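Given next are the chains, with one letter for each unit.
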2 protein chains.
Amino acid sequence: MKVGVVGGGQLGRMLGLAGIPLGMHLRFLEPSPACPAAACGEVVPTSYDDEEGLARFIDGLAVATYEFENVPADTAQWIAGRVPLSPGVRALVTAQDRITEKSLFRSLGIPVQPFAAVGTRREAEAAATAIGAPCVLKPRRMGYDGKGQCVITEPTKGSVEGRVVEAWESLSRVPCILESFVEHTAEVSMIAVRSRPPRGQPTTIFYPLTENVHREGILWRSIAPAPCDPMGDLDRQARAFVQRLVDSLDYVGTVAVEFFVTSGTLVANEMAPRVHNSGHWTIDGATTSQFENHLRAIAAWPLGSAAMCTGVSAMVNLVGCVPSTAELLAIPGARVHLYGKGARPGRKVGHVTLCADTPARLEAPLRDLESRVVWA
Amino acid sequence: MKVGVVGGGQLGRMLGLAGIPLGMHLRFLEPSPACPAAACGEVVPTSYDDEEGLARFIDGLAVATYEFENVPADTAQWIAGRVPLSPGVRALVTAQDRITEKSLFRSLGIPVQPFAAVGTRREAEAAATAIGAPCVLKPRRMGYDGKGQCVITEPTKGSVEGRVVEAWESLSRVPCILESFVEHTAEVSMIAVRSRPPRGQPTTIFYPLTENVHREGILWRSIAPAPCDPMGDLDRQARAFVQRLVDSLDYVGTVAVEFFVTSGTLVANEMAPRVHNSGHWTIDGATTSQFENHLRAIAAWPLGSAAMCTGVSAMVNLVGCVPSTAELLAIPGARVHLYGKGARPGRKVGHVTLCADTPARLEAPLRDLESRVVWA
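Keep in mind the model is a prediction, meaning the values are calculated, not measured.

### So, the environment of B:Thr254
Residue and element names in this part refer to chain B. Position of threonine 254 relative to the elements: it lies in strand S13 (residues 253–262). Taking the C-alpha atoms as reference points, threonine 254 and valine 160, 94 residues apart in sequence, are found 39 Å from one another. Ignoring sequence-local partners within four residues, the contact set of threonine 254 consists of Ile191, Val193, Arg274, Val275, Gln290, Asn293, His294 and Ala297.

### A short note on the relation of the copies chain A and chain B
Screw-axis analysis of chain A against chain B gives a translation of 0.0 Å along the axis, an RMSD of 0.0 Å, and a rotation angle of 180 degrees. Taken together, the rotation angle and the small translation identify this as a two-fold axis. For chain A, the smallest separation between a C-alpha atom and the rotation axis is recorded for A:Cys40, amounting to 2.4 Å. Interface overlap between copies: 100% of the residues of chain A at the interface are likewise at the interface in chain B, consistent with a symmetric, same-surface contact.

### Considerations on the nonpolar core
Judged by nonpolar contacts, the single largest core of 232 residues is most densely connected at A:Val118, A:Val164, A:Leu178, B:Val118, B:Val164 and B:Leu178. The element contributing the most residues to this core is helix H8 (residues 233–249) of chain B, with seven residues. Once you skip the residues sitting within four places of it in the chain, B:Val164 turns out to touch B:Ala124, B:Ala127, B:Ala128, B:Leu137, B:Ile152 and B:Leu178.

### A word on the sheet that holds strand S8 (residues 176–180) of chain B
Neighbouring strands of a sheet are bound in pairs by backbone hydrogen bonds; such pairs are parallel or else antiparallel. All names here are of chain B. Spatial ordering of the open sheet is given by S5-S8-S6-S7, a layout of four strands whose pairing is antiparallel. Among the strands making up the open sheet, the edge pair consists of strand S5 (115–118) and strand S7 (150–152). When strand polarity is set aside, the average angle formed by the axes of neighbouring strands in this sheet is 25 degrees. As judged from the five bridges shared by strand S6 (residues 135–139) and S8, these two strands associate in the antiparallel manner. Bridging from a neighbouring strand, lysine 138 pairs with isoleucine 177 of S8.

### With respect to the interface of chain A and chain B
Counting residues at the interface gives 22 residues for chain A, matched by 22 residues for chain B. Listed by contribution, the elements that provide at least two residues to the side of chain A that touches chain B are helix H11 (325–329) and strand S16 (335–338) of chain A. Its residues assigned to classes, the side of chain A that touches chain B shows 14 nonpolar, seven polar and one charged.

Cut-offs and rules
Residues numbered from 1 in each chain as written. Chains lettered and ligands numbered in written order. Predicted model: local features only at pLDDT ≥ 70, side-chain atom pairs only at ≥ 80, totals over all residues. Helix = DSSP H or I, 4+ residues; strand = E, 2+ residues; numbered from the N terminus. Contact = placed C-beta atoms within 7 Å. Least-squares fit on C-alpha atoms with pLDDT ≥ 70 in both. Core = buried A, V, L, I, M, F, W, Y, C linked by C-beta atoms within 7 Å. Buried ≥ 20, exposed ≤ 12 C-beta atoms within 10 Å, placed from the backbone. Pairing = 2+ DSSP bridges. Axes fitted to C-alpha atoms, helices over the stretch in contact; angles between N-to-C directions. Nonpolar A, V, L, I, M, F, W, Y, C, P; charged D, E, K, R; others polar.

Listed below in structure tokens is the structure:
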């Protein structure tokens with residue numbers, strides 16, 4: 001089975017590694033032929049508006065998917081008109097616009113913080129008045145890893161309205177969303193996979209809720225099951241919310257939804273219509289990885305179990321600096337995943353997973369690992 | 001790190017899949033560019049005696065290895081003269097000749113059945129007299145999957161000597177070994193990995209003893225830990241024997257040694273100086289797979305744990321017939337590994353692994369799996 005993937009970064013690479021044992025041949029649409037995914041599949045180096053390149057990409061594909069959410073909607077639509085594309089275009093365009101995304105969450109009864117669209121100076125002022133400080137101004141589109149976000153606190157001089165307008169001007173007046181800042185005690189994500197078999201009902205499986213710690217807006221560490229949720233209440237809430245979301249989108253594939261934890265409840269932050277960094281621990285810590293299950297879902301094959309295969313699993317990202325493989329492998333139990341990328345500040349170049357029977361047994365090796373990883 | 005692998009079959013493919021996350025780039029020496037390993041590495045399609053092709057193969061390699069043991073000794077020697085080759089040439093040539101191999105076992109105190117070399121008619125007769133029936137005549141070299149073996153039982157008419165001579169003639173009088181037939185209750189294998197770090201002492205790790213069932217001379221099923229060894233006595237014996245073997249060869253990499261179990265003791269049958277089919281369960285059932293540990297050993301990186309990550313693991317080969325992936329994935333807990341090969345009678349095209357907490361819990365899914373796999 002030939003599977004097309006738009007994007008050829010590390011997510012494509014890990015999809016490729018999961019697909020080969022299933023007998024899949026993956027083809028990546030990616031401008032750079034030397035991308036991380038090139039190690040385990042074919043690369044069609046083309047731009048998103050080159051119909052000839054796109055035609056080469058889709059030639060002979062049984063199904064197509066994407067591994068990053070900033071695929072232009074026109075390109076996704078063009079592909080979807082010719083090859084089954086999963087997740088579908090609606091999921092993609094919903095996730096591309098923070099207003100559309102949060103509006104969908106709200107319409108499904110998934111809690112979100114107060115938010116408003118900011119497209120003009122007047123809207124900026126009105127939004128600031130309605131939402132107040134502290135708040136966060138973000139571009140509606142094309143955001144990742146916390147880039148281009150402005151946090152606005154209660155000003156000691158001047159007005160919130162003035163600060164929001166200034167922030168919007170500093171973001172070159174692109175269409176933005178102003179969100180109330182959510183005071184939170186933790187950040188978690190729910191990774192789910194929904195399939196729609198040729199016969200029978202759709203099924204959705206859920207990985208255990210994952211707790212995430214960010215650093216400079218970039219994911220630093222994930223632990224599953226989430227330590228902040230010892231009784232599983234948040235896990236149950238998250239499953240119910242994500243179930244509504246994927247059913248409403250008739251979603252096929254792996255999805256990640258990020259939540260803030262505030263006063264023991266969840267507030268949805270954003271969704272990613274793809275495999276997600278906070279699910280990388282599933283390669284080593286779950287019976288079936290998010291990558292394999294994504295491929296199984298889009299191929300309409302039965303899904304594999306999302307159960308943990310050990311008691312607890314932690315993942316630490318390698319950011320900005322490629323450490324010595326031998327040193328990482330010297331950490332007892334460390335599972336090393338490098339992406340074949342050159343080092344650059346703030347760039348994810350790999351991750352390391354640790355598994356243990358109990359949270360207590362994870363502590364020492366995790367401290368050891370974190371002390372050896374240099375963040376750059 | 002660029003790693004060269006002589007051979008590009010399914011073992012190369014699984015080495016490639018293990019090497020990519022470690023940041024390795026694998027290059028395979030294999031006549032057919034469309035080989036199973038091509039999915040996850042570069043293929044240099046060349047013959048073993050083409051020095052120009054071999055030069056392209058070794059160009060820029062940090063280390064080289066092989067994934068099948070019938071690499072011509074001259075080729076191995078040529079490579080080893082230019083790039084570190086692990087396992088070394090001595091291990092390779094020892095495993096290529098059943099007489100050399102069994103003589104080494106015997107010299108190390110590893111039990112073997114009575115055997116004798118057969119190179120002439122006179123030697124055939126003398127060997128038959130010394131060993132008696134039942135016995136097995138095999139070519140000294142190039143054997144795998146039980147091909148070209150003759151079992152000689154006590155003749156009702158004529159002499160054992162006559163039957164052995166006949167058998168030898170039917171094997172075109174190639175140099176052979178005559179072995180006493182070992183009545184056995186089980187077949188087991190010990191997979192071990194030895195590394196020789198740049199500083200410090202060599203280390204050897206051992207996977208739990210694996211019990212194997214063959215069918216028409218081809219591996220059908222493996223279970224680890226070996227059900228025939230509930231107290232671990234055979235496991236301890238096997239570790240001690242294999243430790244002597246790898247130390248004597250100053251071995252680097254993964255090795256498999258197959259034993260017969262007879263009256264509660266082990267009789268060594270043969271060694272494979274490479275990753276081995278009876279170790280495929282380690283991909284899903286052990287903390288670190290035999291493939292990853294082979295690469296870590298030859299790269300002089302620290303080895304990973306060989307401990308089981310579940311209580312018990314079973315592997316069933318897919319032989320001669322490529323089943324529907326969707327049907328295999330419908331078996332609860334089945335982990336599917338396809339090799340990207342066309343079907344042909346007697347050809348291994350993939351394998352499926354099952355893991356369980358206890359042997360009792362493995363029974364029903366294993367029966368289910370075996371009932372669905374068609375052997376052709």
